[in-house]
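Commentary on secondary and tertiary structure
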Amino acid sequence: MISFYKTIDNTVQPVDELVDGCWVSVVSPTASDLGFLADQLGVDPGFVQAAMDEEESSRIESDEGQTLVIVDVPSADPQPQDERTIVYSTLPMSIIILENYVITVCLRPLQVIEDIAEGRVRGVATHLKTRFLFTLLLRIANRFLIYLKQIDKLTSYTEMQLHKAMKNAELIQLLGLQKSLVFFSTSLKSNEMTMEKILRGRILKLYEEDEELLEDVLIEIKQAIEMCSIYTGILSSTMDAFGSIISNNLNIVMKVLTSLTVVMAIPTMVSGFYGMNVSGLPFPYFWFPTLVTLILVAVATIILVKKGMF
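This text gives an overview of the structure that appears in the document. It should be emphasised that the depicted structure is a prediction, and the values quoted were computed from it without experimental measurement.

Before going further, it helps to examine the overall build of the protein chain. A count of helices and strands for the protein chain gives seven helices and seven strands. Secondary structure elements in the protein chain, listed N-terminal to C-terminal, are β-β-β-α-α-β-β-β-β-α-α-α-α-α. Taken over C-alpha atoms, the radius of gyration comes to 33 Å for the protein chain, far larger than the 19 Å a tight globule of 310 residues would show. Buried residues in the protein chain amount to 41% of all 310 residues.

On to the nonpolar core, then. By size, the foremost hydrophobic cluster in this structure holds 59 residues, and its most contacted members are M93, I95, L137, M195 and I198. Mapped by element, the contributors of at least two residues to this core are β3 (23-27), β5 (66-79), β6 (82-97), β7 (102-106), α3 (111-117), α4 (129-164), α5 (168-199) and α6 (208-274). The element best represented in this core is α4, accounting for 15 residues. Excluding residues within four positions of it along the chain, I198 makes contact with I60, V69, F134, L137, L204, L206 and L214. Ranked by size, the runner-up nonpolar core spans 18 residues in total, among them C22, L41, A51 and I96.

This model, assessed by the stated rule, comprises eight salt bridges. The residue R59 makes a salt bridge to E61 at a minimum N-O spacing of 1.9 Å. A residue is classified by how much of its surface remains accessible, and R59, at 23% relative accessible area, is partly exposed. Under the relative-accessibility criterion, E61 is labelled partly exposed at 31%. A salt bridge links E118 to R120; the nearest nitrogen and oxygen atoms lie 2.2 Å apart.

Packing of α4 against α6 leaves a shortest axis separation of 9 Å and a crossing angle of 15°. When the axes of α4 and α6 are compared, the pair comes out roughly parallel. For the element pair α4 and α6, the recorded crossing hand is left-handed. A class-by-class count of the residues in the contact of α4 with α6 yields 18 nonpolar, seven polar and eight charged.

This paragraph deals with the packing of aromatic side chains. One pass over the full model with this rule turns up six aromatic pairs. With a centroid separation of 5.3 Å and an interplanar angle of 50°, the aromatic rings of Y88 and Y147 are classed as tilted. One end of the pair, Y88, is in strand β6; the other, Y147, is in helix α4, with 59 residues separating them in the sequence. According to the relative accessible area criterion, Y147 is buried, its value standing at 9%.

As a further point, take a nonpolar patch on the surface. A contiguous nonpolar surface patch, about 730 Å² in accessible area, is contributed by F283, Y285, W287, L291, I295, V299 and I303. Along the polypeptide, L291 turns up in helix α7 (residues 287-306). By relative accessible area, L291 is classed as partly exposed at 40%.

With that settled, the discussion passes to the pairing of strand β2 (residues 11-15). Here is the key point about a regular strand: its side chains alternate between the two faces of the sheet. Across five bridges, strand β1 (residues 2-8) lies against β2 in antiparallel orientation. Counterpart to Y5 in the pairing with β2 is P14. Where β1 folds back on β2, the antiparallel hairpin that results is connected by two residues, among which D9 adopts a positive phi of roughly 55°.

Turning to the layout of surface pockets, a few remarks are in order. For the largest pocket, the calculated volume is near 370 Å³. Along the wall of the largest pocket there are 17 residues; nearest its centre are E54, E55, T90, L91 and P92. Among the elements of the structure, β6 and α5 are those that each provide at least two residues to the lining of the largest pocket. With five residues, α5 is the single largest residue contributor to the lining of the largest pocket. Split into classes, the residues belonging to the lining of the largest pocket amount to five nonpolar, seven polar and five charged.

With that settled, consider the state of the cysteines. By definition, a disulfide links two cysteine residues through a covalent bond between their sulfur atoms. By the definition in use, this model includes zero disulfides. In this structure C106 is not part of a disulfide, and its nearest cysteine sulfur, from C22, lies 16 Å away.

One pass over the structure, following the stated rule, counts one cavity of 30 Å³ or more. Its boundaries defined by the atoms lining it, the largest cavity holds a volume of some 50 Å³. As for the largest cavity, its lining consists of V71, L137, I140, A141, F144, N191, M195, V217 and I221. Contributions of two or more residues to the lining of the largest cavity are made by α4, α5 and α6. Here the element with the most residues in the lining of the largest cavity is α4; it accounts for four residues. Tallied by class, the residues present in the lining of the largest cavity amount to eight nonpolar, one polar and no charged.

Here is what the cut-offs are and how they apply
- Residues numbered from 1 in each chain as written.
- Predicted model: local features only at pLDDT ≥ 70, side-chain atom pairs only at ≥ 80, totals over all residues.
- Heavy atoms only, no water.
- Helix = DSSP H or I, 4+ residues; strand = E, 2+ residues; numbered from the N terminus.
- Rg over C-alpha atoms; globule rule 2.2 N^0.38 Å.
- Buried < 20%, exposed > 50% of the residue type's maximum accessible area, 1.4 Å probe, protein only.
- Core = buried A, V, L, I, M, F, W, Y, C linked by side-chain atoms within 4.5 Å.
- Contact = heavy atoms within 4.5 Å.
- Salt bridge = Lys/Arg side-chain N within 4 Å of Asp/Glu carboxyl O.
- Axes fitted to C-alpha atoms, helices over the stretch in contact; angles between N-to-C directions.
- Parallel < 35°, antiparallel > 145°, perpendicular 65-115°, else oblique.
- Left-handed = near helix turned anticlockwise from the far one by under 90°.
- Nonpolar A, V, L, I, M, F, W, Y, C, P; charged D, E, K, R; others polar.
- Phe/Tyr/Trp six-rings, centres within 6.5 Å; stacked < 30°, edge-to-face > 60°.
- Patch = residues over 30% accessible without salt bridge, like charges linked within 9 Å, V, L, I, M, F, W, Y side chains within 5 Å.
- Areas by Shrake-Rupley, 256 points an atom, 1.4 Å probe, with all protein chains shown as cover.
- Pairing = 2+ DSSP bridges.
- 1 Å grid on protein atoms, 1.4 Å probe; cavity = no way out; pocket = protein on both sides within 12 Å on 5 of 7 lines; lining within 4 Å.
- Points joined across faces, edges and corners; volume = space filled by probe spheres on them.
- Disulfide = S-S within 2.5 Å.

Just geometry here; none of it tells us what the structure is for.
Here it is, written out as structure tokens:
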């Protein structure tokens, strides 16, 4: 789907047709949408192809007056098998800067794009292409920070649930969060390299205000990388701790079951002796083997309790 937006009276508003200084938002593009970009707007076919690659890494390149910036954008994905389980991932978004337009291409709807399109982001100027790019990059960096805080809160909540009862759902959630942090860490470092390349000013012409905005983006990204590293360490330690707890609980259960087996084996042994078809057994009466069994069971139980087996 292709939508057109333009800043009018300091507010991003949708427009019905392509005009100079507008922002072209392409979400979940179809073949006809890609044809419009290549044929009507004259976008480099290589840039269009790169925008459709889900595995494309963050980078920036320029060719014949067109500039392509690809950055990784965070996304929250509830799992279909359990909607309470959330896994965070990243996907590439392409930003193509032409002489009169800025084009963004994303393979599925993203919160960052919706925020700008619905006017929830201040200071967006679609006709200032470089400024629009940096504003978008800053919003993406802020979204990383928001999701990292959500991961921290979700980790704390899951830990509380695990303290109450060890369940597979909570452990799977922690595993998903750990995987999410790995995705975030890789994408943030890749985005950081792209931002530093832009900051050199060799591909995009930077003005003083643009440099300050880009430096803010780099600061946010570095903060997100640091938070990601801290949360990864905490989650890794938490997973190791819960793994040790689960193993210890299993050992306790096995120890109790072994003790019960020993205690329950005593009546079987005594009754086995008195159940043999032989003569000469002392006190061949029902009360004697029962009494012996109770005494031996009591002695064995006391010994096992003192040894901490129960």
